[in-house]
Amino acid sequence: MITTDSIQTLRAELQKARDQKKRIGLVPTMGNLHAGHLSLLSIAQRESDYWVTSIFVNPMQFGPQEDFLNYPRTLESDQKALSEAGCSALFAPTVNEMYPEGMINHCSVVPADIACGLCGDYRQGHFEGVATVVAKLFNIVQPDVAVFGQKDYQQLAVIRTLARDLNFTTRVLSGPTLRAQDGLALSSRNGYLAPADRETAAQLYRCICQIADRIKQDDCDVHKIVESGKESLEHSGFCVDYLEVRSANSLATPSRHDKSLVVLVAAYLGATRLIDNLEFDVIAPLSV
Ligand code: PAF
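Engineer: What is the right way to read the overall build of the protein chain from this model?
Structural biologist: Secondary structure assignment for the protein chain yields 10 helices and 9 strands. Over its C-alpha trace the protein chain gives a radius of gyration of 20 Å, about what one expects of a compact globule, namely 19 Å for 288 residues. Along the longest, intermediate and shortest principal axes, the C-alpha atoms of the protein chain span 60 × 40 × 40 Å. When the 288 residues of the protein chain are sorted by exposure, 52% land in the buried category. When contacts within the protein chain are restricted to residue pairs at least 6 apart in sequence, those whose partners lie at least 24 apart make up 71%. With an accessible surface of roughly 13,900 Å², the protein chain has 49% of that area assigned to carbon and sulfur atoms.

Okay, here's the thing in structure tokens:
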């Protein structure tokens, strides 16, 4: 595996791979790799002959009150895990390599309306920062396929829209959310949880599973089910940003005849913001 922080070096390596007719895969990450990332890497490995992992904690997607400076940076252990997994190239640029002229006057990609609502309402500018850096990475690497996690459901939808609307030839693939035994979705931010909160954190997944089950059983009105889910999370100590049921993929407010749905949640436990989601199908018309 080669490791580089230079766009020029990476492009030269990629050219060699392309000359050998290799299909290029990309897994963009912010590092602090866990089993969830490694499962995305195995998808890239299956779908390409030469796969690049990028590790870049992108300042453009963090708000002023967010955890950019404290975001876990574990390059040495990440490098080891990637090399053991058979990654072809690790691209770990500095902020200066990605934004040599600074970020203030940098062009940015304004994502479509799918970035509004949900996390878009609570993290101003976040998806613009994500869309911009992903567009830059797609241009730098020009991958045949790129793999993203379903845990960041709205991010995945934003990136699919970006690839379609800006005519990137990259195929955007997704990998399922990996979970701890108690159901908590694996995330780099789980490491911030105070030990006392770690057990409570698993309630987030239990809550969205219960909501999906109750809606599938046509228990009662979707709004009431969601409100009672929110109350039980708040009762357990979560501070809920949102808990919502939407149409899967489009993220639109569901209508009576929607069959493929997703329940999405973002909530704080102490200072740690956790997100999760669950896709599910219904047979009977929804009570909305
Ligand atoms: O999901 C992430 O880790 C980041 O948002 C991404 C896609 C690597 C862009 O910085």
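Past the structure itself, the notes keep going.
Engineer: What is the right way to look at the pairing of strand β9 (residues 272–281) in this model?
Structural biologist: Pairing geometry for strand β8 (residues 260–269) and β9, over 10 bridges, is antiparallel. Across the sheet, V263 pairs through a bridge with L278, a residue of β9. Between β8 and the antiparallel strand that follows it, β9, lie 2 residues; G270 among them carries a positive phi value of about 60°.

Engineer: I would appreciate a short explanation of the site of the ligand in the present structure.
Structural biologist: Close to the ligand lie P28, T29, M30, Q61, V133, F148 and Q155, which account for all nearby residues. A distance of 2.6 Å separates an oxygen atom of the ligand from a polar side-chain atom of Q61. A distance of 2.7 Å separates an oxygen atom of the ligand from a polar atom in the side chain of Q155. When the free accessible area of the ligand is taken as 290 Å², the share hidden by the protein chains comes to 89%. Considered class by class, the residues forming the shell around the ligand number 4 nonpolar, 3 polar and no charged.

Criteria and cut-off values
- Residues numbered from 1 in each chain as written.
- Predicted model: local features only at pLDDT ≥ 70, side-chain atom pairs only at ≥ 80, totals over all residues.
- Heavy atoms only, no water.
- Helix = DSSP H or I, 4+ residues; strand = E, 2+ residues; numbered from the N terminus.
- Rg over C-alpha atoms; globule rule 2.2 N^0.38 Å.
- Buried < 20%, exposed > 50% of the residue type's maximum accessible area, 1.4 Å probe, protein only.
- Contact = heavy atoms within 4.5 Å.
- Areas by Shrake-Rupley, 256 points an atom, 1.4 Å probe, with all protein chains shown as cover.
- Pairing = 2+ DSSP bridges.
- Near = heavy atom within 4 Å.
- Polar contact = N/O pair within 3.5 Å; in protein donor to acceptor, adjacent residues only side chain to side chain.
- Nonpolar A, V, L, I, M, F, W, Y, C, P; charged D, E, K, R; others polar.

These figures come from the coordinates and say nothing about function on their own.
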